[in-house]
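What follows is the residue order along each chain.
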Amino acid sequence: MNSTLTTSTSRDLSVTSALVMSIYLLSLLLGLPLNVYIIVLLFPRRGVMEASDVFSWNQAVSEIVFVLFGPVHTLCSISFSLCIYELFGFLFGISSSSRCLFQSCVCLEWYLAVVHPVTFLRYKPLRYRVGCSIAVWMCSLAMGVIYSSMLLSLPFVVFAVIYLVALMVDGFCCVSILRKLREPGPGDMERDAGEMDAAKKKAFQVVSVNLLAFLLQNVPVSVAYGFQNVLSRYVFDVVVVFGLMTNTVAGLFQSVYALHRAVSAEDGTQSLLEKYADVFQGIGEFPGECHLCIDPNATPVAYPPRRVPIALRDRLEQELDKMEKSNIICK
């Protein structure tokens, strides 16, 4: 064997290993504490989680799985003898699948909210998002089991197809959202055709940046896996490392955005409570008297009072006395 070729190959592998270790070290130092803080911040208070936080919470969990995949991948990049292929395939399958699927769920949620608001309101309850999250984790676990048992025999084009499908779904949703935001709404008729209000501008920027982050996160890896038989080993390694770098940076960006949204929502609620503290104290009542309009020709009907269980009578009397003292009812 040519000694020059051997030295060049080992140098390339050592550089690749150093880059992989640097990327995962960055992910470990920044991504792990950031996503743990997001999980704690979004953890359901009083046993109830906001519907809008379900996908963000699960995205943070999938990012932590990706961080745990880092040390295993680093060992494989250093030496194949150190690689635990079953664990590598399991963590790779779960992290790659869950990240793509949850990002697709977020984009689909935005798409329904902007393009089909009636459908979005129909599926707004928490149970639908929890059901989607359970389905995503089941699919991710299944992909992890498949990868762990068939990693060496699976062609790279399979990975490319998975990333390509997620890319098409996200691209369609984000482009449709951007087109919809460019259209004038019912209250925008007085504005110029190309002018948007502040809320639309902010939403347009958020969707554009997320689309760019998702493209950086998936396109290089899709190209590397799709054209693995065409590219040389050196070019393939370079594209994979570049895709890994953009993937990590995009994941950190999404985590920072989720943290910013969670902190902003909490600060906004607190500032509202402080600004209008008088509104949230006491029972609250409108001035004046309330007049109820009824049909004067209606026939009055007398119904017997409902019987109160004996065990609840004392509590009922206390509640009625309390309401009478608060001027809510009167005798």
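Please refer to the structure higher up on the page.
S.K.: Any chance you could break down the pattern of salt bridges for me, citing the residues and the numbers?
M.R.: Counting across every chain of the model gives two salt bridges. Note that Arg-99 and Glu-63 form a salt bridge whose closest N and O atoms lie 3.0 Å from each other. Here Arg-99, found in helix H3 (residues 85-115), pairs with Glu-63, found in helix H2 (residues 54-78); they are 36 residues apart in sequence, far enough to count as distant. Taken individually, Arg-99 and Glu-63 each receive the classification buried, so the pair is uniform in this respect. Glu-109 is the salt-bridge partner of Arg-129, the closest N and O atoms lying 2.7 Å from each other. A residue pair is termed long-range when its members are at least 10 positions apart, and Arg-129 in helix H5 (residues 126-150) and Glu-109 in helix H3 qualify at 20 residues.

S.K.: Could you give me a rundown of the state of the cysteines, with the residues and numbers involved?
M.R.: Cysteine pairs can be covalently joined through their sulfur atoms, and such a bond is termed a disulfide. For the structure shown, the criterion picks out zero disulfides. Distance from the sulfur of Cys-132, which forms no disulfide, to the nearest cysteine sulfur (Cys-105) is 5.5 Å.

S.K.: How would you explain the packing of H3 against H5 if you had to name every residue and give the values?
M.R.: At a minimum axis separation of 7 Å, H3 and H5 run at an interaxial angle of 150°. By the angle class used here, H3 and H5 are roughly antiparallel. When you trace H3 past H5, the crossing you get is right-handed. Counted by class, the contact of H3 with H5 contains 13 nonpolar, nine polar and three charged residues.

S.K.: Mind laying out the packing of aromatic side chains, listing which residues take part and the relevant values?
M.R.: Scanning the model with the defined rule gives seven aromatic pairs in all. Ring geometry for Phe-92 versus Tyr-147: centroids 5.6 Å apart, planes at 25°, classification stacked. Of this pair, Phe-92 sits in helix H3 while Tyr-147 sits in helix H5, placing them 55 residues apart in sequence. Classification of Tyr-147 by relative accessible area gives buried; the value is 2%. Pairwise contacts between aromatic rings join Phe-69, Phe-88, Phe-92 and Tyr-147 into one cluster. The ring of Phe-66 carries the charged tip of Arg-99 above its face, separated from the ring centre by 4.0 Å.

S.K.: Run through helix H9 (residues 310-325), naming residues and quoting values.
M.R.: For H9, built from 16 residues, the straight-helix expectation of 22 Å at 1.5 Å per residue is met to within 8% by its first-to-last C-alpha distance of 24 Å. Where H9 terminates, the next one or two residues include Asn-327, which has phi positive at roughly 60°.

S.K.: Can you break down the packing of H2 against H5 residue by residue, with the values?
M.R.: In helix packing, the relevant descriptors are the interaxial angle and the interaxial distance, both defined with respect to the helix axes. One can describe the packing of H2 onto H5 by two numbers: an axis separation of 10 Å at closest approach and a directional angle of 20°. Here H5 runs roughly parallel to H2, going by the angle between their axes. In this structure, H2 meets H5 at a crossing whose hand is right-handed. Where H2 approaches H5, its residues Val-54, Phe-55, Asn-58, Val-61 and Ser-62 are matched on the opposing element by Leu-126, Arg-129, Val-130, Cys-132, Ser-133 and Trp-137. Residue composition of the contact of H2 with H5, by class: seven nonpolar, three polar and one charged.

S.K.: So what about a nonpolar patch on the surface? Which residues, and what values?
M.R.: On the surface, Leu-25, Leu-26, Leu-28, Leu-29 and Leu-30 cluster together to form a nonpolar patch covering roughly 450 Å² of accessible area. Looking at the secondary structure, you find Leu-29 in helix H1 (residues 3-42).

S.K.: Which residues make up empty space enclosed by the protein, and what values do they have?
M.R.: Here the structure, examined in full by the defined rule, presents three cavities of 30 Å³ or more. Volume-wise, the largest cavity comes out at about 50 Å³. Around the largest cavity sit Ser-27, Gly-31, Asn-35, Glu-63, Phe-66, Val-67, Arg-99, Thr-248, Gly-251, Leu-252 and Ser-255, which together line it. Counting only elements with at least two residues in the lining of the largest cavity, the list comes to H1, H2 and helix H8 (233-275). Of all the elements, H8 adds the most residues to the lining of the largest cavity, at four residues. Counted by class, the lining of the largest cavity contains three nonpolar, six polar and two charged residues.

S.K.: Residues and numbers for the side chain of Ser-133, please.
M.R.: Of note, Ser-133 is situated in helix H5. The exposure class assigned to Ser-133 is buried, which follows from its relative accessible area of 5%. Among the polar contacts made by the side chain of Ser-133, one reaches the side chain of Asn-58 at a distance of 3.3 Å. Residue contacts for Ser-133: discarding those within four places in its chain leaves Val-54, Phe-55, Asn-58 and Phe-102.

What counts and what doesn't
- Residues numbered from 1 in each chain as written.
- Predicted model: local features only at pLDDT ≥ 70, side-chain atom pairs only at ≥ 80, totals over all residues.
- Heavy atoms only, no water.
- Salt bridge = Lys/Arg side-chain N within 4 Å of Asp/Glu carboxyl O.
- Helix = DSSP H or I, 4+ residues; strand = E, 2+ residues; numbered from the N terminus.
- Buried < 20%, exposed > 50% of the residue type's maximum accessible area, 1.4 Å probe, protein only.
- Disulfide = S-S within 2.5 Å.
- Axes fitted to C-alpha atoms, helices over the stretch in contact; angles between N-to-C directions.
- Parallel < 35°, antiparallel > 145°, perpendicular 65-115°, else oblique.
- Left-handed = near helix turned anticlockwise from the far one by under 90°.
- Nonpolar A, V, L, I, M, F, W, Y, C, P; charged D, E, K, R; others polar.
- Phe/Tyr/Trp six-rings, centres within 6.5 Å; stacked < 30°, edge-to-face > 60°.
- Lys NZ or Arg CZ within 6 Å of the ring centre and 35° of its normal.
- Expected span 1.5 Å × (residues − 1).
- Contact = heavy atoms within 4.5 Å.
- Patch = residues over 30% accessible without salt bridge, like charges linked within 9 Å, V, L, I, M, F, W, Y side chains within 5 Å.
- Areas by Shrake-Rupley, 256 points an atom, 1.4 Å probe, with all protein chains shown as cover.
- 1 Å grid on protein atoms, 1.4 Å probe; cavity = no way out; pocket = protein on both sides within 12 Å on 5 of 7 lines; lining within 4 Å.
- Points joined across faces, edges and corners; volume = space filled by probe spheres on them.
- Polar contact = N/O pair within 3.5 Å; in protein donor to acceptor, adjacent residues only side chain to side chain.

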